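Per-entry structural report
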Amino acid sequence: MKKLKYALFTGCTAKQSTPEQMMSTMAVAEKLGIELIELTEASCCGASHLQDYDDFLSLVLNARNIAYAEKHGLTMVTICNTCQLNTAMTKHRLDNNAELKAKVNEKLAEIGLEYKGTSKITHFLYAIIDDIGLDKIKEMVVTPLSQFNIAPFYGCHNIRPSELQNESHDKAESPYNPTSLDDLIIACGGQNVDYDEKNKCCGFHAELQAPKTAATLTGNAIAGAMDGNADWMVTPCPLCHLKLDTQTHHASKAIGREVALPVLHMQQMLGLALGCDQNALGMKHHLTKVNFV
Amino acid sequence: MSTNKITTQKVNFKVFRFNADEDYLPYYEDYAMDVTSEEVVLDILNRIKWDHDGSFSYRRSCRHGICGACAIKVNGRSTLACKESMTDMIELWGDEMTIEPLSIKRAVKDMIIDKGDFWEKHDAVKPFVVDEIDETPETENLLSPAEADALDDADLCIQCGACHYACPVVEVNEEFMGPAAFAAAYRFEADVRDGDKSRLIDVNQMGSGVWDCVKCYECAQVCPKEVNPIEKIGKLHNMLFQQGKAESNVATRHAVGFEKSIKKNGVLDEGGLVLYSEMAGIVKHVPVALKMFSKGKITPPWSITKSKNLDEIQKLVKSSTTAKF
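On a predicted model such as this, the values are computed, not experimentally measured, just so you know.

Thoughts on the domain arrangement of chain A
Residues and elements named next belong to chain A. Taken as a whole, chain A is organised into domain 1 (4-123) and domain 2 (134-285). Just the C-alpha atoms count here: the centres of domain 1 and domain 2 sit 23 Å apart. Taken together, the two surfaces of domain 1 and domain 2 that pack against each other cover about 2,700 Å², and 64% of this comes from carbon and sulfur. Per-residue buried area on domain 1 facing domain 2 is highest for Glu20, Lys31 and Asn81; these three make up 22% of the total on that side. Seen at the junction of domain 1 and domain 2, the total is 0 salt bridges. Counting every contact that joins domain 1 to domain 2 gives 10 residue pairs in polar contact (both at pLDDT 80 or more). Elements that contribute at least two residues to the side of domain 1 that touches domain 2 include exactly helix H1 (19-32), helix H4 (81-95) and strand S4 (121-123). Class assignment for the residues of the side of domain 1 that touches domain 2 results in 12 nonpolar, 15 polar and 3 charged.

Below, the structure is given as structure tokens:
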């Protein structure tokens with residue numbers, strides 16, 4: 001098989017508050033024989049907040065990030081759902097509006113770049129499923145996670161709005177009944193937990209301005225997984241991870257019930273199953289103790 | 001016209017039943033039915049009433065996706081019953097479906113809910129053009145095609161409530177205005193004939209306002225008319241900054257803080273962003289921040305790896321910014 005090679009847009013969180021996500025991404029990529037070219041020129045995607053302030057500026061900056069992936073001639077892989085939303089949304093809007101694309105390219109010309117629309121943009125979760133395949137993953141598992149009930153937490157921006165999902169993923173999944181993360185859990189040998197909150201919002205994006213709302217949504221999500229008898233949760237999004245892992249105190253207070261579960265990044269779960277060195281998966285960076293490794 | 005053969009499949013419906021005048025608690029009734037591939041969800045509601053139980057209650061009127069009366073939930077997903085094909089539903093959910101009203105806590109009788117909160121919030125945004133009208137105008141007051149385009153798809157809303165009762169913020173904070181009300185606010189703010197002075201400021205109030213949106217995209221996903229309410233919420237934010245009307249609070253600083261951080265580092269300074277947004281309010285984040293620091297989850301500003309070719313980013317921020325704060 002030809003070696004897989006992607007342009008990696010790390011986003012800001014993997015480089016700062018979730019270092020374990022960056023570590024486990026690299027460890028898993030090595031195990032799977034994937035080459036990742038990090039886009040060190042990339043700026044922040046705006047996290048859908050810069051978009052609230054200045055929509056055009058956010059389009060220009062995201063187009064610049066994508067242009068660097070295009071220069072490599074590679075698919076851009078993201079490891080954060082919100083990075084995925086904002087880059088894929090930029091691509092969607094520019095590819096469907098020639099006038100807007102020309103306006104953005106006028107700005108990019110100032111720095112000698114051009115957005116062409118030639119690179120696909122996809123989240124690492126879907127890159128693995130589409131390009132490696134679950135059957136191959138299953139074959140590669142050395143430590144099946146068969147003793148664990150694992151609750152998938154999808155994160156909004158990978159599954160909604162679905163028109164972006166359709167553009168970035170070979171087999172688009174339903175935002176109402178997503179299966180990719182469940183399938184990956186099963187491929188790793190684990191038991192997937194079905195619960196109502198798995199495709200709901202963690203509240204991250206309103207944490208500062210509406211802390212009670214955000215904490216209630218976080219609490220409901222963890223409570224749903226606990227009621228589903230989960231041993232731990234897994235998510236492809238570092239922002240969901242931050243909410244579910246570090247905000248358990250506020251979440252418990254908001255819903256009037258003590259809630260906490262270990263929360264693993266999708267890459268950490270895969271790393272465990274593929275037999276990566278546990279130190280390379282960064283479990284020591286979690287606030288809610290990962291008590292089973 | 002589709003030339004597909006009509007097929008039939010058995011589906012088990014678990015249907016929410018409740019009569020606020022008689023029942024202490026709601027209950028679910030099971031109906032097993034043969035469903036044909038040409039039916040929509042509304043046909044199922046009709047058949048429950050006509051073939052099984054005449055007391056089964058639901059709202060319906062136009063049957064053409066325009067009156068907005070028949071929105072309900074199927075397996076927890078808001079849907080306009082007259083537009084939703086059973087073939088799609090079976091493809092998505094298989095042969096077990098739970099039929100519920102849009103909001104269980106607002107149920108009055110079976111599928112019928114008290115939609116009072118929706119209408120109150122809708123009314124509160126003044127969903128009409130506000131202006132001093134000349135009672136005897138010399139000419140018609142026309143919109144140019146470009147001006148009409150600016151209203152965008154916001155004008156397509158049929159007030160069915162699908163997005164309002166799918167919104168997780170409405171669910172946990174009854175004060176929150178909700179996506180439909182904000183889309184309506186945008187519809188009239190974007191209308192050049194409108195002269196209202198307070199609507200934009202009112203909907204941007206903290207607490208019940210447009211800033212509490214969690215950006216989950218549920219509203220865009222469920223809308224049967226593709227109004228895309230979350231996009232309109234973003235546009236209401238943008239208008240505030242474009243018109244220089246944004247007052248400094250944690251929400252506006254949170255948005256502006258990204259530009260400041262990007263200008264300085266290319267990437268985000270996460271700690272710096274929270275400090276800039278919260279100001280003195282930063283105190284409440286200290287306990288968690290200390291724990292995060294002890295686990296190596298906080299990067300001090302001097303250790304942040306700035307984006308390569310930062311000068312390009314700074315040049316673009318300078319040349320492409322359109323907003324004011």
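Here's the deal with helix H3 (residues 55-72) of chain A
Residue and element names in this part refer to chain A. Taking 1.5 Å of rise per residue, the 18 residues of H3 would be expected to cover 26 Å, and the 27 Å separating its terminal C-alpha atoms lies within 8% of that figure. Among the 18 residues that make up H3, 15 are buried, leaving the element largely enclosed by the rest of the structure. Residue glycine 73 follows H3 closely and has a positive phi angle near 70°.

Side note on the interface of chain A and chain B
Every contact between the two is made by 69 residues of chain A and, on the other side, 62 residues of chain B. Together, the buried faces of chain A and chain B total about 5,500 Å²; carbon and sulfur atoms form 61% of this surface. For the chain A face of the interface with chain B, the top three residues by lost area are Tyr53, Tyr176 and Leu208 of chain A, together amounting to 17%. Scanning the region where chain A abuts chain B turns up 5 salt bridges. Between lysine 308 of chain B and glutamate 41 of chain A there is a salt bridge; the shortest N-O distance is 3.9 Å. Across the contact surface, chain A and chain B share 32 residue pairs in polar contact (both at pLDDT 80 or more). Counting residues per element, the ones that place at least two in the side of chain A that touches chain B are H1, helix H2 (50-53), H3, H4, helix H5 (98-109), helix H8 (156-159), helix H11 (211-227) and helix H12 (238-246) of chain A. When residues in the side of chain A that touches chain B are grouped by element, the largest group, 7 residues, is from H3 of chain A.

A word on helix H10 (residues 180-187) of chain A
Residue and element names in this part refer to chain A. The buried fraction of H10 amounts to 6 of the 8 residues, a majority that puts the element mostly inside the structure. Of the residues making up H10, those classed as buried are Ser180, Leu181, Asp182, Leu184, Ile185 and Ala187. Buried residues in H10 make contact with helix H6 (124-132), helix H7 (134-140), strand S5 (149-152), strand S6 (191-192), strand S7 (232-235) and helix H14 (266-274). Just past H10, the residue glycine 189 takes up positive phi, approximately 90°.

Considering the pattern of salt bridges
Residues and elements named next belong to chain B. One pass over the full model with this rule turns up 31 salt bridges over all chains. Among the ionic pairs, aspartate 53 bridges to arginine 17, the shortest N-O distance being 2.9 Å. One end of the pair, aspartate 53, is in the loop between helix H1 (41-52) and strand S3 (71-74); the other, arginine 17, is in strand S1 (residues 8-17), and 36 residues separate them in sequence. With relative accessibility at 3%, the residue arginine 17 sits in the buried group.

Quick look at the nonpolar core
Inside soluble globular proteins, nonpolar side chains tend to come together where they are buried. If you look at the biggest cluster of nonpolar residues, it comprises 148 residues, and the most contacted ones within it are Leu108 and Met233 of chain A together with Phe13, Met86, Met97 and Leu236 of chain B. For this core, the element with the most residues is H3 of chain A, which contributes 9 residues. If sequence neighbours within four positions are ignored, methionine 233 of chain A has contacts with Ala151, Phe153, Tyr195, Ala221, Ile222, Ala225, Leu244, Leu261, Pro262, Val263 and Leu264 of chain A. Core analysis: the second largest hydrophobic core is formed by 45 residues, Leu145, Cys188, Leu272 and Met283 of chain A among them.

Observations regarding the sheet that holds strand S5 (residues 96-100) of chain B
All names here are of chain B. The strand order across the open sheet built from 5 strands is S2-S1-S5-S3-S4, with neighbouring strands paired in mixed fashion. Bordering the open sheet on either side are strand S2 (27-36) and strand S4 (77-80), each of which pairs with just one other strand. Sheet twist, expressed as the mean angle between neighbouring strand axes with direction ignored, is 35°. Inspection of the sheet shows S3 paired to S5 by 2 bridges, in the antiparallel sense. Bridge pairing in S5 places lysine 73 opposite glutamate 100. Docked against the sheet, H1 engages S1, S2, S3 and S5, running at close to 110° with respect to S2.

Cut-offs used in this document
Residues numbered from 1 in each chain as written. Chains lettered and ligands numbered in written order. Predicted model: local features only at pLDDT ≥ 70, side-chain atom pairs only at ≥ 80, totals over all residues. Heavy atoms only, no water. Domains from an automatic or database assignment. Buried area = accessible area lost by both parts, 1.4 Å probe. Salt bridge = Lys/Arg side-chain N within 4 Å of Asp/Glu carboxyl O. Polar contact = N/O pair within 3.5 Å; in protein donor to acceptor, adjacent residues only side chain to side chain. Helix = DSSP H or I, 4+ residues; strand = E, 2+ residues; numbered from the N terminus. Nonpolar A, V, L, I, M, F, W, Y, C, P; charged D, E, K, R; others polar. Expected span 1.5 Å × (residues − 1). Buried < 20%, exposed > 50% of the residue type's maximum accessible area, 1.4 Å probe, protein only. Contact = heavy atoms within 4.5 Å. Core = buried A, V, L, I, M, F, W, Y, C linked by side-chain atoms within 4.5 Å. Pairing = 2+ DSSP bridges. Axes fitted to C-alpha atoms, helices over the stretch in contact; angles between N-to-C directions.

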